[in-house]
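Below are the chains, spelled out letter by letter.
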Amino acid sequence: MLFRALQAIGALALLGCAALALQGTPLLGPEWSRARILYAGAGAVSALTLLAMGTLGRMARRAETERAEILERLRRLEASR
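No experiment lies behind these values; they were computed from the predicted model shown.

### Topic: the overall build of the protein chain
Okay, step 1: The helix and strand inventory of the protein chain stands at 2 helices and 0 strands.
Okay, step 2: For 81 residues, the compact-globule estimate of 2.2 N^0.38 gives 12 Å, and the protein chain exceeds it by more than 25% at 22 Å.
Okay, step 3: Out of the 81 residues in the protein chain, the part that is buried amounts to 15%.
Okay, step 4: Entry remark: accessible area of the protein chain is about 6300 Å², with carbon and sulfur atoms responsible for 67%.
Okay, step 5: Between the averaged position of the 11 positive side-chain charges in the protein chain and that of its 6 negative side-chain charges there is a distance of 4 Å.

Rendered as structure tokens:
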């Protein structure tokens, strides 16, 4: 649950950074704003970090579950011999 929340917050933050970056262009803003684009880029690094932390946490949990299943199979195999 925590790792999913980290991923969701990271995705929302990344969308916010994209919107902020677009506001620094004539597309959504009055003119080019180098500072706004750089600020959005710095925020995007943090957002990507949250996404990575969530993904790594989920992968670690999945690996632990698979390890436990393999150990259980080995125990059953040893018990059947």
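Next comes the rest of the account.
### A closer look at the environment of Glu-69
Okay, step 1: Position of Glu-69 relative to the elements: it lies in helix 2 (residues 34–80).
Okay, step 2: By relative accessible area, Glu-69 is classed as partly exposed at 40%.
Okay, step 3: With 23 residues separating them along the chain, Glu-69 and Ser-46 place their C-alpha atoms 35 Å apart.

### A short note on the packing of helix 1 (residues 2–23) against helix 2
Okay, step 1: Between helix 1 and helix 2, whose axes approach to 8 Å, the crossing angle comes to 160°. Comparing their axes, helix 2 and helix 1 come out roughly antiparallel. Viewed along their axes, helix 1 and helix 2 form a crossing whose handedness is left-handed.
Okay, step 2: Taken together, the residues of the contact of helix 1 with helix 2 sort by class into 18 nonpolar, 7 polar and 4 charged.

### Some details on the environment of Ala-52
Okay, step 1: With respect to the helices, strands and loops of the structure, Ala-52 is situated in helix 2.
Okay, step 2: Sequence separation between Ala-52 and Ala-35 is 17 residues; the distance between their C-alpha atoms is 26 Å.

### Concerning helix 1
Okay, step 1: Over its 22 residues, helix 1 runs 31 Å from end to end, which matches the ideal 32 Å to within 8%, given 1.5 Å per residue.
Okay, step 2: Of the residues making up helix 1, those classed as buried are Leu-6, Gln-7, Gly-10 and Cys-17. Here the buried residues of helix 1 occupy an arc of 95° about the axis, which is enough to place them on one side. Opposite the buried face of helix 1, at more than 90 degrees from it, the exposed residues are Leu-12 and Leu-15.

Scoring rules and cut-offs
Residues numbered from 1 in each chain as written. Predicted model: local features only at pLDDT ≥ 70, side-chain atom pairs only at ≥ 80, totals over all residues. Heavy atoms only, no water. Helix = DSSP H or I, 4+ residues; strand = E, 2+ residues; numbered from the N terminus. Rg over C-alpha atoms; globule rule 2.2 N^0.38 Å. Buried < 20%, exposed > 50% of the residue type's maximum accessible area, 1.4 Å probe, protein only. Areas by Shrake-Rupley, 256 points an atom, 1.4 Å probe, with all protein chains shown as cover. Lys, Arg positive; Asp, Glu negative; His and termini not counted. Charge placed at Lys NZ, Arg CZ, Asp CG, Glu CD. Axes fitted to C-alpha atoms, helices over the stretch in contact; angles between N-to-C directions. Parallel < 35°, antiparallel > 145°, perpendicular 65-115°, else oblique. Left-handed = near helix turned anticlockwise from the far one by under 90°. Nonpolar A, V, L, I, M, F, W, Y, C, P; charged D, E, K, R; others polar. Expected span 1.5 Å × (residues − 1). Arc of directions from axis to C-beta.

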